[in-house]
Amino acid sequence: FLSSPSPNAHTAHQAAILIQNWYRFTMARLEMRRRYSLSIFQSIEYADEQDQLQVFSTLLFFFPFVPVSHIFTSPSVSQVVDEGLYLTEFEKKIDVPDSYYGPRLSFPLTVEDANALLHAFRNEQLLHARYVLQLLCETRRVLKEMPNITHLSTSYSKEITVCGDLHGNLDDLLLIFYKNGLPSEQNRYVFNGDFVDRGKNSMEILIILFAFLLIYPNDLHLNRGNHEDYIMNLRYGFTKEVSKKYKDHGQQILCLLRDVFSWLPLATIIDSKDRIRGLKSLMRPPKSVRDRQDQLKERIPTTRPSKHIANQNVAGKTQHISLLGSAEHSGSSLPPDPALKEWKQILDILWSDPRSQNGCTPNKCRGGGCYFGPDVTAKLFERYNLKMLIRSHEFKPEGYEISHNGKVITIFSASNYYEEGSNRGAYIKLNPELIPRFVQYQVSKYTRRQNLRERVGTIESSALKCLREKIYAHRSELTSAFAQYDLNGTGRISVNDWAAAMESVLQLELPWRMLHSQLAQTTPDGEVDFMSCFYDLKIGQPIKEVQPALVETLCRYRRDLEIIFNVIDKDHSGLISLEEFGQTWKLFASHLGIDVYDESLDKLVLSIDYNKDGHIDFNEFLEAFHVVHRLEKKANS
Amino acid sequence: NSSCNDIQVSFEGKRTFCKTHSIVTSKIRPFYGAVAEIEKKIIEAFEVFDHECNKTVDVREIGSIVRSLGCFPTEAELHELLAKVEEEEPTGYIHLEKFLPVMTKVLLDRSYRPIPEDVLLHAFEALDEHKCGYITKEELVKYLTKEGEPFTQEEMEDMLSTALDPETNSVRYRDYISMMIVDET
């Protein structure tokens, strides 16, 4: 090669500017792709949550003769036996074989038990069902005696650690304990709920946290999140996890868990003897005024209509098994129920989000709770002499976010929540002056850390996969929406029209124009071949003799139906009668305004009663209706 | 002004006539519908960064927004643009109201044109003294962190994480360019 003199200053400058400019352009593109991927995940999740609340109101609409309290209280936990006898009852009834090498707990629990549990879970062992049940019983006993709002003082301990959502990510919890030490009298923790759902180790996280709660009841505080709710668990994976891990005793465990969740406190007040610092958030005008020099932490303290102050004992504390019944439903003939009012308050408490605009408006994204502005926070703090609120519940890419001029902190401790690389997790260290310090982290399953480009690629393809599934589940509606723009029947429409159709059918506020090339094929002149967005997808199993539109509907509402069937299936057998199925489906379909011809329904029902015994295994049935990605299938086979 | 009746811009649900009147009168624009389409594109990109859905974005995100709309402003040009869209008293937030007309003009004028692949290649080649198809890590770091609009350490490290061949400790720039271009398609 010819060798030329090194570039003169001018050339070097020009070349450098070009390269830097181009590089910054690619980084900006990457950032945009990362943002819209997270946007996709979040808007689908929120839309899902909205559906959730909608489903529940639908349910109430259909079962007007079932008293509301029945659905929301624990029907079949055997209250008969004196709680003290539970431990021995389980010991008698459930045998732990010699072949079991997992931890064997003995009550009262000690630090050795906790360590044994941590060790076992690191090695992916399961805790035997007997110990789970015993642990849950003990936890319930302890929680029952705690007030709705617990207290923690910084006057003598070093620092208090506050953690947010974990959502079944055991690796995050283990990482926190590794970095920050195990809970103890000198190392106090507050966990802001949302321990379960989505991740695959929700059970293990609960076991660890409950174990530490029993060992250090004054130094480890657990608050309830909106996912500590059995209806949410039906939809978001915890129920499935338990059923899979504990085939024989799963239902018993789930029943007990329902109860345990309902006894979880809602908030923790942290105070220092020198300075008052408060963490509290309040959505609606408080029903009872409490005159306390306190700091409240965490989601939202309950403002209960009763005159009992929060640290009174069991008598003043009511159970709320599920919050989802408090959703608005018009036309219902339910009697004005004071319990319902309280549920609404707690719904507000566990579902609301801070926003920068003043005022208190309904939370449209989630369909429950509200958005509260800095003025609400300020009023609240003034009324209760508080200084800061630490809450969770909202995904934050950096693991935390500060809003309302430093008064409200959101802490989110589940890293890689949507996908490997999607976000960091964080926890807060509060010193005795209650000044917060943030620690961020991110768990990685790759031994070599992916660079930014690879990470964005991963979350983008994951997000688009989710989106494609949603698109496929709305195939018929989308096809007719597209057709309305395609007056000449060419099969192609403009990007603008395609975007408008997508937005109106899917009701997701996403940058459709930016996404169109990822979701559909474009012609050389820049138009969209709209049917191409369905090419690579299909429904799991071909269901013979059933209308395609019906199949699609079942696909779209699969999760909702799963929940409804689970609620109808009172004895948790996994089976419902043909009649119940038919009735429910009819009601559900008519409520949604779906046209279902009786014949096709009969055919459907017949086709799924595989055993011809008059009962349907609804889980098996619903499994058939998940969306499959053709290309992926090829790759796996 | 009746000549602008055709331009109807839907902004926040309100119909505002002649939002882009100043642009229309200064240059001839044959396709008025195209302006509306451009504005939709801009709003879409803006909203990705508008976390609270209140038509504002953090000022530090403007660069990402402008670039993701296909423009290649230098840092200096970006600062100029920012000066046009910031509030009198900079709040750290940029409002869509101010950003939209400015960005629309940018796109209509096709300012900040893209850097074609061959120009980029020439730029790398210019830094490749011996014309051997690669630049050593040290040389690249020297140029990009000292010349032009210097990279931050983070930017440099990130580029190297993708571009650097650890065995030779150099950047084969042709391969690097091809790889990055693929991402864009």
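Under an unreviewed UniProt entry, the name given to chain B is EF-hand calcium binding domain 2, and the source organism is Aquila chrysaetos chrysaetos.

Chain A carries the name Serine/threonine-protein phosphatase in an unreviewed UniProt entry, which gives Aquila chrysaetos chrysaetos as its organism. UniProt, in the comment section headed Sequence similarities (unreviewed entry), describes chain A in these words: "Belongs to the PPP phosphatase family."

### Observations regarding the overall build of chain B
Helix and strand counts for chain B come out as nine helices and seven strands. Long-range pairs, those at least 24 residues apart, make up 52% of the contacts in chain B between residues at least 6 apart in sequence. Surface exposure of chain B reaches about 10,100 Å², of which carbon and sulfur atoms provide 51%.

### A short note on the side chain of threonine 410 of chain A
Its location among the elements puts threonine 410 of chain A in strand β11 (residues 408-411). A distance of 2.9 Å separates polar atoms of two side chains, one belonging to threonine 410 of chain A and the other to arginine 391 of chain A.

### Topic: the pattern of salt bridges
Under the defined criterion, the tally for this structure stands at 28 salt bridges over all chains. In this structure, glutamate 75 of chain B engages arginine 24 of chain A in a salt bridge whose closest nitrogen and oxygen atoms are separated by 3.9 Å. Of this pair, glutamate 75 of chain B sits in helix α4 (residues 75-85) while arginine 24 of chain A is found in helix α1 (residues 9-62), placing the two residues in two different chains. Taking relative accessible area as the criterion, arginine 24 of chain A reaches 8% and is therefore assigned buried. Across the salt bridge formed by aspartate 58 of chain B and arginine 60 of chain B, the nearest N and O atoms sit 2.7 Å from each other. Salt bridges sharing partners connect three or more residues here, namely Asp353, Arg355, Arg391, Glu394, Lys396 and Glu401 of chain A.

### Quick look at the side chain of aspartate 353 of chain A
Residues and elements named next belong to chain A. Mapped onto the fold, aspartate 353 is located in strand β6 (residues 353-354). Assessed through its relative accessible area of 0%, aspartate 353 is described here as buried. A distance of 2.8 Å separates polar atoms of two side chains, one belonging to aspartate 353 and the other to arginine 391. Excluding residues that lie within four positions of it along the chain, aspartate 353 makes contacts with Asn363, Arg366, Cys370, Tyr371, Phe372, Arg391, His393 and Glu394.

### Observations regarding the sheet that holds strand β16 (residues 528-529) of chain A
Residue and element names in this part refer to chain A. Across the sheet, which stays open at both edges, the three strands sit in the order β14-β16-β15 with antiparallel pairing between neighbours. Two strands bound the open sheet, and with one partner strand each, they are β14 (492-493) and β15 (521-522). Sheet analysis places β14 next to β16, joined by two bridges and oriented antiparallel. Following the sheet pairing, isoleucine 493 is matched in β16 by valine 528.

### Considering the confidence of the model for chain B
All names here are of chain B. Per-residue pLDDT for chain B has a mean of 81; in total, 81% of the residues score no lower than 70. Per-residue pLDDT stays below 50 along residues 1-30; that stretch engages in 36 contacts with residues further than four places along the chain or on separate chains. At the level of chain-chain contacts, confidence expressed as ipTM amounts to 0.83, with global pTM at 0.76.

### Observations regarding unusual backbone geometry
Residue proline 108 of chain A is bonded to the preceding phenylalanine 107 of chain A through a cis peptide linkage, with omega at 0°. Counting through the fold element by element, proline 108 of chain A comes out in the loop between α3 (86-93) and α4 (111-122). Its identity as a non-glycine residue notwithstanding, asparagine 405 of chain A has a phi of 55°, on the positive side. Owing to a relative accessible area of 75%, asparagine 405 of chain A belongs among the exposed residues under this scheme. The backbone phi angle of asparagine 169 of chain B is positive, close to 55°, even though this residue is not glycine.

### So, the domain arrangement of chain B
Structurally, chain B comprises domain 1 (36-108) and domain 2 (117-180). Put simply, the middle of domain 1 of chain B and the middle of domain 2 of chain B, counted by C-alpha atoms, are 30 Å apart.

### Some words on the UniProt feature "domain: EF-hand" (unreviewed entry) in chain A
This chain's UniProt record puts "domain: EF-hand" (unreviewed entry) on residues 473-508, 556-591 and 596-631 of chain A. In residues 473-508 of chain A, the share of helix is 67% and the share of strand is 6%. The end C-alpha atoms are 14 Å apart.

### Here we look at the nonpolar core
Formed by 90 residues in total, the largest nonpolar core has its most connected members in Leu467, Phe482, Trp498 and Trp512 of chain A together with Phe99 of chain B. Ranked by residue count, the leading element in this core is helix α5 (residues 96-109) of chain B, at eight residues. Residues contacting leucine 467 of chain A, with those up to four places away along its chain left out, are Ile40, Ile44, Leu508, Leu510, Trp512, Leu515 and Leu519 of chain A. With 62 residues, the next largest nonpolar core counts Met146, Tyr189, Trp263 and Tyr441 of chain A among its residues.

### Thoughts on the state of the cysteines
Counted by the stated rule, this structure contains zero disulfides over all chains. Cysteine cysteine 137 of chain A shares no disulfide, and the gap to the nearest cysteine sulfur, in cysteine 255 of chain A, comes to 12 Å.

### Here we look at the UniProt feature "domain: EF-hand" (unreviewed entry) in chain B
All names here are of chain B. The feature "domain: EF-hand" (unreviewed entry), as given by UniProt, occupies residues 37-72 and 115-150 in the numbering adopted here. As a span, residues 37-72 carries 53% helix and 8% strand, and end to end its C-alpha atoms are 20 Å apart. End C-alpha atoms of residues 115-150 are separated by 18 Å, and the span's content is 58% helix alongside 8% strand.

### Structural notes on the interface of chain A and chain B
Contact residues are listed per partner, giving 42 residues for chain A and 49 residues for chain B. For the pair chain A and chain B, the summed buried surface comes to about 4,500 Å²; carbon and sulfur atoms form 60% of the total. One can count four salt bridges joining chain A with chain B. Residue arginine 35 of chain A is joined to glutamate 61 of chain B by a salt bridge in which the shortest nitrogen-to-oxygen separation is 2.9 Å.

### A look at α4 of chain A
All names here are of chain A. Here α4 is 12 residues long and its end C-alpha atoms lie 17 Å apart, about the 16 Å a rise of 1.5 Å per residue gives. Among the residues making up α4, those that are buried are Asp113, Ala114, Leu117, Leu118, Ala120 and Phe121. Around the axis of α4, the buried residues are gathered within 165° of arc, so they sit on the same side. Seen from the open side of α4, the exposed residues pointing more than 90 degrees away from its buried face are Glu112, His119 and Arg122. Of the surrounding secondary structure, the elements contacted by the buried residues of α4 are α6 (170-180) and α7 (202-215). Just beyond α4, the residue with positive phi is glutamate 124, at close to 60°.

### Looking at the sheet that holds β6 of chain A
All names here are of chain A. Pairing is mixed across the open sheet formed by three strands, whose spatial order is β6-β8-β7. Unpaired on one side and paired on the other, β6 and β7 (360-362) mark the two borders of the sheet. The pairing of β6 with strand β8 (residues 370-372) spans two bridges and is classified as parallel. Across the sheet, residue aspartate 353 finds its bridge partner in β8, namely tyrosine 371.

What counts, and where the lines are drawn
Residues numbered from 1 in each chain as written. Chains lettered and ligands numbered in written order. Predicted model: local features only at pLDDT ≥ 70, side-chain atom pairs only at ≥ 80, totals over all residues. Heavy atoms only, no water. UniProt positions renumbered as here; feature names shortened; annotations may be inferred. Helix = DSSP H or I, 4+ residues; strand = E, 2+ residues; numbered from the N terminus. Contact = heavy atoms within 4.5 Å. Areas by Shrake-Rupley, 256 points an atom, 1.4 Å probe, with all protein chains shown as cover. Polar contact = N/O pair within 3.5 Å; in protein donor to acceptor, adjacent residues only side chain to side chain. Salt bridge = Lys/Arg side-chain N within 4 Å of Asp/Glu carboxyl O. Buried < 20%, exposed > 50% of the residue type's maximum accessible area, 1.4 Å probe, protein only. Pairing = 2+ DSSP bridges. pLDDT = per-residue confidence, 0-100. Domains from an automatic or database assignment. Core = buried A, V, L, I, M, F, W, Y, C linked by side-chain atoms within 4.5 Å. Disulfide = S-S within 2.5 Å. Buried area = accessible area lost by both parts, 1.4 Å probe. Expected span 1.5 Å × (residues − 1). Arc of directions from axis to C-beta.

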